[in-house]
Amino acid sequence: MSYHKPDNAAVPQLMKEARALVIPAVGPKLPATLFEGCGLALVQVTGAGLDRLDQAALTRLGIPVANVPGGSNGAVAEYAVTSASLLLRRLAWASAEIAKGNYAAFRARMVADNLAGLDGLLVGVIGFGTIGVAVARAFRAAGCRVCFHDPALRDTAAAQALGAAAMTLDDLLAAADVVTLHVPLLPATQGLIGARELGLMKKGTILIQAARGGIVDEAALAQSLVSGHLGGAAVDVYSTEPPAPDNPLLKLDGEAAARLLLTPHIAGVTRQASALLFRSAWQNVERVLVRGEAPLNRAY
């Protein structure tokens, strides 16, 4: 076993000798040519996302691909609830104002604005798969009501158990106090949340973007924060990673910047989640290479 960065010059030759390839879900796209002439018995992703791989090429080559769905559920749910609470109650904003000597004035403003906590709010979950359901459960435990949008719903029992109402995308955006995104990046979800969709949201809505970069139009989101329409946004993923210096979200200042929480694609990353993901991934490699069994959670 050896570890190498994708741009290491030795990787193409090592790929021809390797029996299994283990990669994290987050990182640069791997070229299809890298897999030509390989004898891989398994490509194992240590997370749920598969967008680093060329599905058509690996299917053509007959190389099995497996992931670890659900390993980061708890971490992502914790991120979503914590970020929503932080933005609703302006906690990071307050910290910055106190550091600038504005304790009394900003406290008076927070009290006058009658800021909401989570209890009783309506949370709209876009994408009600494994992660979306975990996020919904966490918000429900915090006292929230839940609605969701997912045209390909697989777990109706979970929706019923949570009392979560299915809605069209437009109806969810218009009704929810917090909107949280948990869909994969596909042609159908590219630019899913743009200026029109942000405009449908109620004034003061909180947006949590912890899905994949490209699902939210970042320029439109920046403008919505500048206008004061959105109450706040937490952004963990970007159209390019790291975000380019000219990314409109990095250009915000003043109150627009104060209502924005930026994190570096770590919503699903905790010590506990990483241990579970890596352990599950390696057990699957052993299952295939040592025991000669079919991989668990084969994606294609």
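It should be noted that the structure appears before, not after, this text.
Rules behind the numbers
- Residue numbers here run from 1 along each chain, matching the order of that chain's written sequence.
- Only residues with pLDDT of at least 70 are given local features in this predicted model, and only at 80 or more are side-chain atom pairs given and counted; all residues enter the totals for whole chains, interfaces and linings.
- Note: side-chain values were computed over all heavy atoms of the structure, leaving out hydrogens and water.
- Working definition: helices are DSSP H or I runs of at least four residues, strands are E runs of at least two. Numbering for both runs from the N terminus.
- Each residue is placed in one exposure class: buried if its accessible area under a 1.4 Å probe, protein chains only, is under 20% of its type's maximum, exposed if it is over 50%, and partly exposed if it falls in between.
- Asp and Glu are treated as the negative residues and Lys and Arg as the positive ones, with His and the ends of the chain left uncounted.
- Salt-bridge detection follows one rule: a side-chain nitrogen of Lys or Arg within 4 Å of a carboxyl oxygen of Asp or Glu.
- Identification of polar contacts relies on pairs of N or O atoms within 3.5 Å, with a donor-acceptor requirement for protein atoms, meaning one able to donate a hydrogen and the other able to accept it, and with residues adjacent in sequence counted only if both atoms are side-chain atoms.
- The contact rule is simple, with two residues in contact once any of their heavy atoms fall within 4.5 Å.
- Multiplying 1.5 Å by the helix residue count minus one yields the expected span of that helix.
- Here, two cysteine sulfur atoms that lie within 2.5 Å of each other are counted as a disulfide.
- Any residue with an atom within 4 Å of a point lines the site, the site being either a cavity, points on a 1 Å grid over the protein atoms alone where a 1.4 Å probe fits but cannot get out, or a pocket, an open set with protein on both sides within 12 Å along at least 5 of 7 lines.
- Grid points are joined across faces, edges and corners, and a volume is the space filled by probe spheres set on the points.
- Nonpolar residues are Ala, Val, Leu, Ile, Met, Phe, Trp, Tyr, Cys and Pro. Charged residues are Asp, Glu, Lys and Arg, and all others, Gly as well, are polar.
- Axis definition: a line fit to C-alpha positions, over the contact stretch in the case of helices; interaxial angles, taken between N-to-C directions, run 0 to 180 degrees.
- With respect to orientation, any angle under 35 degrees is reported as roughly parallel, any angle over 145 as roughly antiparallel, any angle of 65 to 115 as roughly perpendicular, and every other angle as oblique.
- Two strands pair if DSSP finds at least two bridges between them.

Peer 1: Would you mind going over the side chain of Arg-52 with me for this structure?
Peer 2: Here Arg-52 lies in the loop between β2 (42-45) and α2 (55-61). Of the side chains with opposite charge, Asp-51 comes closest to the buried, unpaired Arg-52, at an N-O distance of 7.5 Å. One polar contact links the side chain of Arg-52 to the main-chain carbonyl oxygen of Pro-28, over a distance of 2.8 Å. For Arg-52, the residues in contact, after removing those within four places along its chain, are Pro-6, Ile-23, Pro-24, Ala-25, Val-26, Gly-27, Pro-28, Lys-29 and Leu-30.

Peer 1: Mind showing me how you'd approach helix α12 (residues 271-289) here?
Peer 2: Counting along an α-helix, one turn takes 3.6 residues, and residues three or four places apart therefore face a common direction. With 19 residues, α12 should reach 27 Å at 1.5 Å per residue; the first-to-last C-alpha distance of 27 Å fits that figure. Check the buried side of α12 and you find it contacts β1 (20-23), β2, β3 (65-66) and α3 (73-88).

Peer 1: Got a minute to help me understand the state of the cysteines in this structure?
Peer 2: Scanning all chains against the criterion turns up 0 disulfides. Not part of a disulfide, Cys-144 finds its nearest cysteine sulfur in Cys-147, a span of 11 Å.

Peer 1: Help me understand the side chain of Ser-72 in this model?
Peer 2: Relative to the elements of secondary structure, Ser-72 occurs in the loop between β3 and α3. Every residue in contact with Ser-72, bar those within four places of it in the chain, is listed here: Gly-268, Ala-273 and Leu-277.

Peer 1: Teacher, can you tell me more about empty space enclosed by the protein here?
Peer 2: Unfilled space is identified by rolling a water-sized probe across the atoms. Applying the stated criterion across every chain, the model contains 1 cavity of 30 Å³ or more. Of the voids in this model, the largest cavity is the one considered here, and its volume is about 30 Å³. As for the largest cavity, its lining consists of Gln-209, Gly-213, Gly-214, Val-216, Glu-218, Leu-221, Val-235, Val-237 and Leu-249. Counted by class, the lining of the largest cavity contains 5 nonpolar, 3 polar and 1 charged residues.

Peer 1: Would you take a moment to explain the packing of helix α4 (residues 91-99) against helix α5 (residues 103-112) for this structure?
Peer 2: Relative orientation and spacing of two packed helices are given, respectively, by the angle between their axes and the distance between those axes. Where α4 meets α5, the closest approach of the two axes is 8 Å, and the angle between their N-to-C directions is 155 degrees. Judged on the interaxial angle alone, α5 and α4 are roughly antiparallel. From α4, Trp-93, Ala-94, Glu-97 and Ile-98 reach across to α5, where they touch Tyr-103, Phe-106, Arg-109 and Met-110.

Peer 1: Which parts of the structure should I look at to understand the pairing of strand β8 (residues 206-209)?
Peer 2: Within a regular strand, side chains alternate between the sheet's two faces. Where burial is concerned, the two faces of β8 agree: the one with Ile-206 and Ile-208 and the one with Leu-207 and Gln-209 are both buried. Bridge analysis of strand β7 (residues 178-181) against β8 gives 4 bridges, and the strand direction is parallel. Its bridge partner being in β8, Thr-180 is matched across the sheet by Ile-208. In this structure, β8 lies alongside strand β9 (residues 232-235), joined through 4 bridges in parallel fashion. Looking across to β9, one finds that Gln-209 is bridged to Val-235.

Peer 1: So what exactly am I meant to see when it comes to the environment of Leu-40 here?
Peer 2: Position of Leu-40 among the secondary structure elements: in the loop between β1 and β2. Residue classification places Leu-40 among the buried positions, given a relative accessible area of 7%. Between the C-alpha atoms of Leu-40 and Pro-64, which are 24 residues apart in sequence, the distance is 8.3 Å. Those residues in contact with Leu-40 that sit more than four places away from it in its chain are Met-15, Ala-18, Arg-19, Ala-20, Leu-21, Phe-35, Ile-63 and Pro-64.

Peer 1: What is the right way to look at the sheet that holds β8 in this model?
Peer 2: One open sheet holds the 7 strands; their spatial order is β6-β5-β4-β7-β8-β9-β10, and the pairing between them is parallel. Each edge of the open sheet carries a strand with a single partner, namely β6 (165-166) and β10 (260-262). Across 2 bridges, strand β5 (residues 145-149) lies against β6 in parallel orientation. Bridging across to β6, Cys-147 finds its partner in Ala-165. Here helix α10 (residues 218-227) sits on the sheet in contact with β8, β9 and β10, set at roughly 150 degrees to β9.

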